[in-house]
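Descriptive analysis of the structure
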Amino acid sequence: MSTTETTRGLALPAEAAPHRQGPRPDWVAHAVLLLGVLLFFLPIWIVLMGSTHDAATIGRGEVPLLPGGHALENYRAALEQGGAGVPVGRMLFNSTVMALAIAVGKIAISIISAYAVVFFRFPFRQLAFWSIFITLMLPVEVRIFPTFKVVSDLGLVNTYAGLIIPIIASATATLLFRQFFLTIPDEFVEAAKMDGAGPVRFFLDVVLPLSRTNMAALFVILFVYGWNQYLWPLLVATSADVETIVIGMVKMIGSEANTDWNIVMATCVLALLPPVAVVVLMQRWFVKGLTETEK
Amino acid sequence: MATLDLSGVQKAFGATRVLHGVDLAVADGEMIVIVGASGCGKSTLLRIVAGLETPTAGSVRIGGRDVTALEPADRDIAMVFQNYALYPHMSVAQNMGYGLKIRGLPRPEIDRRVRDAAALLGIEALLDRRPRQLSGGQRQRVAMGRAIVREPKLFLFDEPLSNLDAKLRVQMRAEIRRLQKRLGVTSLFVTHDQIEAMTLGDRLVVMHQGHAAQVATPMEIFERPADTYVAGFIGSPAMNFLEGVLAGGGRAVALRAGPTIPFADGPRPGPDGLPLTIGLRPEHLRLEAGGLPLAIDLAEPLGSETVLHGRLPDGEALVIRLAGPAPRDGTLPVTLPAEHLHVFVAEGGRRLDPAPA
Ligand SMILES: Nc1ncnc2c1ncn2[C@@H]1O[C@H](COP(=O)(O)OP(=O)(O)O)[C@@H](O)[C@H]1O
Ligand SMILES: [Mg+2]
């Protein structure tokens with residue numbers, strides 16, 4: 001599941017509403033929507049159904065569209081043995097730790113950097129801002145080998161720290177918070193000064209509460225981003241202790257012949273659950289954060 | 001309660017000089033209105049008093065204590081902002097009590113002060129609401145309440161009424177004045193609206209391009225404006241200005257428009273032929289047989305009065321305000337009453353008073 005799909009799926013009903021009275025017949029809209037739903041939902045449905053059949057059914061090349069009777073044993077197998085020797089439960093835990101730490105860490109670091117850049121005058125402020133901005137243009141892949149060298153010299157290979165710290169800073173989130181902070185009226189800053197609130201009080205009492213919806217929206221996006229990390233964990237997390245679910249699934253797909261596709265699909269479904277849960281739980285805040293600013 | 005003294009306050013933003021040395025002494029409990037056109041430095045002056053800007057030169061003393069180097073929070077003042085600056089995520093009560101909370105006042109004391117201020121302003125029923133659930137007038141009251149609970153030495157207002165509609169503005173204006181009188185807190189009030197200034201202030205500071213052009217009571221400013229800028233700024237419709245020169249050994253003015261008018265209040269110092277600007281308020285002009293012919297080009301009937309715009313034979317514009325209905329066009333005879341002349345030196349626009357006897 002990618003972030004853009006999530007966004008679009010959630011925003012659609014609100015956008016479609018004003019067009020109700022238009023001259024275009026309703027069924028066109030419905031047909032397009034249905035097509036979209038099919039396109040996004042069909043693969044998930046196939047995985048869901050595949051996870052309830054035995055290995056033989058899928059082995060014969062069938063693509064079952066109806067539930068089978070082996071759901072329980074497939075999921076038990078996935079959770080207990082997993083693939084490639086690591087139980088799925090362990091990998092889910094690792095992925096959750098990584099995604100949570102990345103989301104929380106990115107938000108914490110970028111909100112503080114944005115606060116500094118927007119509300120304080122200090123030497124090289126512009127330089128600091130532009131340096132952050134420019135790193136936006138560097139994809140992770142470009143810096144991946146030097147980063148690996150540093151992480152391995154620090155002895156952080158196969159640790160949570162090594163998995164998380166190199167991707168914990170976020171230029172994008174910093175810029176988003178900066179843009180939001182720029183819309184906070186100067187009068188609030190001045191009123192706080194008159195009230196006697198120092199920079200820390202102002203941050204905690206005014207800036208943080210005003211940023212709640214933005215933080216919630218970013219949390220969802222960044223959690224999914226962290227959950228879906230592939231390249232970096234592949235390099236740095238090679239031991240079973242810290243293996244993530246995304247890597248685990250890839251490893252489970254060995255050669256075409258001896259892959260237990262039913263187990264892979266059960267694992268797939270399990271891997272979907274945490275990000276889906278996060279999106280559903282945060283959806284109210286998330287949509288609010290994307291569509292309005294509380295001012 | 002405190003006095004406020006500004007001496008030689010200057011402010012420059014980079015190369016732009018905004019204030020050129022403002023002096024002001026405000027008495028305890030006095031309400032001073034700073035009025036002037038947009039961009040003349042009113043807000044800058046107020047923000048220097050607040051401590052939100054640092055003056056380039058000069059000093060600010062509150063209650064005799066030099067506060068020029070102090071932080072806003074240490075000056076014991078409260079400010080009402082133009083857009084109210086109410087924190088949107090806090091309730092009305094929290095907004096009002098926030099400054100007290102930071103000061104570390106005990107909870108019951110904060111509650112008591114917030115309730116008292118709310119009662120004073122008639123907003124007790126709103127204490128649990130959020131700012132966005134309030135109307136403009138209610139927000140204005142909350143902003144006032146936030147200032148009142150602090151029990152400060154000085155109130156500062158920066159155009160607090162300019163976001164309200166006309167009717168509410170008049171109402172809040174009266175309310176602010178009553179409240180200020182009742183609490184007796186020394187206040188500075190910034191506005192660009194001359195009516196607001198005239199009705200609110202014990203004294204006015206008329207600002208012009210970073211100078212205090214005149215500091216005086218509203219009536220004194222209206223009756224004896226210090227220069228042509230003040231004369232033209234205060235009063236509506238604005239004062240008429242006619243060109244002339246000093247004549248008759250300083251006893252009269254020879255107007256370019258024709259007549260020579262003797263000064264009713266005594267001779268002016270200066271050589272004959274000194275270029276003068278003569279000010280006449282529209283309401284002091286009369287239509288009388290034998291006056292100067294005024295060609296009317298616009299008549300504005302306002303019900304209880306009529307404003308006539310016209311031109312004198314030499315081309316100078318003249319505005320007359322008459323009680324009741326008036327002829328709408330044609331050429332009318334207008335007399336310039338000697339006892340209502342304001343005499344200014346043409347160069348620089350300074351007021352020229354009779355030489356002391
Ligand atoms: N922070 C600032 N930086 C540069 N120029 C400023 C700043 N604040 C105000 N000014 C300038 O100072 C002048 C006076 O501003 P201000 O005091 O806000 O005027 P007023 O309140 O009378 O309309 C204006 O020309 C404005 O552009
Ligand atoms: Mg201003």
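Note that the coordinates shown come from a computational prediction; the quantities given were computed from them, not determined experimentally.

**Focus on the interface of chain A and chain B**
Opposite the 17 residues of chain A that make contact, chain B presents 26 residues. On the chain A side of the interface with chain B, the three residues burying the most area are Glu187(A), Met194(A) and Asp195(A), jointly 39% of the side's total. For the interface between chain A and chain B, the tally reads two salt bridges. Of the charged contacts, one joins Arg47(B) and Glu190(A) as a salt bridge, the two residues approaching to 2.6 Å between their closest N and O atoms. Of all elements in the fold, only helix 10 (186-195) and helix 11 (199-210) of chain A reach the threshold of two or more residues within the side of chain A that touches chain B. Residue composition of the side of chain A that touches chain B, by class: eight nonpolar, one polar and eight charged.

**Focus on the site of ligand 1**
All names here are of chain B. The environment of ligand 1 is formed by Phe 13, Val 18, Ala 37, Ser 38, Gly 39, Cys 40, Gly 41, Lys 42, Ser 43 and Thr 44. In the environment of ligand 1, an oxygen atom lies 2.6 Å from a nitrogen or oxygen atom belonging to the backbone of Gly 39. Within the backbone of Gly 41, a nitrogen or oxygen atom sits 3.1 Å from an oxygen atom of ligand 1. About the coverage of ligand 1: the protein hides 56% of its 560 Å² of free accessible area. For the shell around ligand 1, the element with the most residues is helix 1 (residues 42-50), which contributes three residues.

**Details of helix 14 (residues 245-252) of chain A**
The element helix 14 of chain A is extensively covered by neighbouring structure, given that six of its eight residues are classed as buried. Along helix 14 of chain A, the positions that sit buried rather than exposed are Ile245(A), Val246(A), Ile247(A), Gly248(A), Met249(A) and Met252(A).

**Details of the nonpolar core**
Counting residues in each nonpolar core, the largest one holds 89 residues, and the members touching the most others are Phe181(A), Leu4(B), Leu156(B) and Leu188(B). Dropping the residues within four chain positions of it, Leu188(B) is found in contact with Leu4(B), Leu24(B), Ile32(B), Ile34(B), Leu46(B), Val49(B), Phe155(B), Leu156(B) and Phe157(B). Judged by nonpolar contacts, the second largest core, of 43 residues, contains Leu100(B), Ala118(B), Leu204(B) and Phe233(B).

**Observations regarding empty space enclosed by the protein**
Here the structure, examined in full by the defined rule, presents one cavity of 30 Å³ or more. Every residue lining the largest cavity is listed: Ala191(A), Met194(A), Asp195(A), Ala78(B), Met79(B), Phe81(B), Arg146(B), Ala147(B) and Arg150(B). Those elements that provide at least two residues to the lining of the largest cavity are helix 10 of chain A together with strand 6 (77-80) and helix 4 (136-149) of chain B. At three residues, the largest contribution of residues to the lining of the largest cavity is made by helix 10 of chain A. Across the lining of the largest cavity, the residue classes tally to six nonpolar, no polar and three charged.

**A word on helix 1 of chain B**
Across the nine residues that make up helix 1 of chain B, a large majority, eight, are buried. In the stretch just after helix 1 of chain B, Gly51(B) is the one whose phi turns positive, near 95°.

**Some remarks on the environment of Arg112(B)**
All names here are of chain B. Positionally, Arg 112 belongs in helix 3 (residues 107-121). For Arg 112, a relative accessible area of 37% puts it in the partly exposed group. Taking the C-alpha atoms as reference, Arg 112 lies 56 Å from Leu 352; in sequence the two are 240 residues apart.

**Concerning the UniProt feature "domain: ABC transporter" (unreviewed entry) in chain B**
UniProt's entry tags residues 4-234 of chain B with the feature "domain: ABC transporter" (unreviewed entry), counted in the numbering of this structure. Structurally, residues 4-234 of chain B is divided into 37% helix and 26% strand, and its ends, taken at the C-alpha atoms, are 25 Å apart.

**Considering the pattern of salt bridges**
All names here are of chain B. Counting across every chain of the model gives 22 salt bridges over all chains. Close ionic contact of Glu 109 with Arg 113 constitutes a salt bridge, the shortest N to O distance being 3.1 Å. Pair noted here: Glu 109 and Arg 113 are both in helix 3, with a separation of four residues, about one helical turn. Judged by its relative accessible area of 23%, Glu 109 falls in the partly exposed class.

**Focus: a nonpolar patch on the surface**
Residues and elements named next belong to chain A. There is a patch of nonpolar side chains on the surface, built from Leu 42, Val 63, Leu 65 and Leu 66 and spanning about 400 Å² of accessible area. Assignment of secondary structure puts Leu 42 in helix 2 (residues 26-50). According to the relative accessible area criterion, Leu 42 is partly exposed, its value standing at 41%.

**Focus: unusual backbone geometry**
Excluding glycine, most residues fall at negative phi; most peptide bonds, likewise, are trans. Between Ser236(B) and the following residue, Pro237(B), the backbone shows a cis peptide bond with an omega angle of -5°. Relative to the assigned elements, Pro237(B) resides in the loop between helix 8 (228-233) and strand 11 (240-247). Phi is positive for Asn158(A), which is not a glycine, with a value near 60°. Judged by relative accessible area, which is 25%, Asn158(A) ranks as partly exposed.

About the thresholds
- Residues numbered from 1 in each chain as written.
- Chains lettered and ligands numbered in written order.
- Predicted model: local features only at pLDDT ≥ 70, side-chain atom pairs only at ≥ 80, totals over all residues.
- Heavy atoms only, no water.
- Contact = heavy atoms within 4.5 Å.
- Buried area = accessible area lost by both parts, 1.4 Å probe.
- Salt bridge = Lys/Arg side-chain N within 4 Å of Asp/Glu carboxyl O.
- Helix = DSSP H or I, 4+ residues; strand = E, 2+ residues; numbered from the N terminus.
- Nonpolar A, V, L, I, M, F, W, Y, C, P; charged D, E, K, R; others polar.
- Near = heavy atom within 4 Å.
- Polar contact = N/O pair within 3.5 Å; in protein donor to acceptor, adjacent residues only side chain to side chain.
- Areas by Shrake-Rupley, 256 points an atom, 1.4 Å probe, with all protein chains shown as cover.
- Buried < 20%, exposed > 50% of the residue type's maximum accessible area, 1.4 Å probe, protein only.
- Core = buried A, V, L, I, M, F, W, Y, C linked by side-chain atoms within 4.5 Å.
- 1 Å grid on protein atoms, 1.4 Å probe; cavity = no way out; pocket = protein on both sides within 12 Å on 5 of 7 lines; lining within 4 Å.
- Points joined across faces, edges and corners; volume = space filled by probe spheres on them.
- UniProt positions renumbered as here; feature names shortened; annotations may be inferred.
- Patch = residues over 30% accessible without salt bridge, like charges linked within 9 Å, V, L, I, M, F, W, Y side chains within 5 Å.

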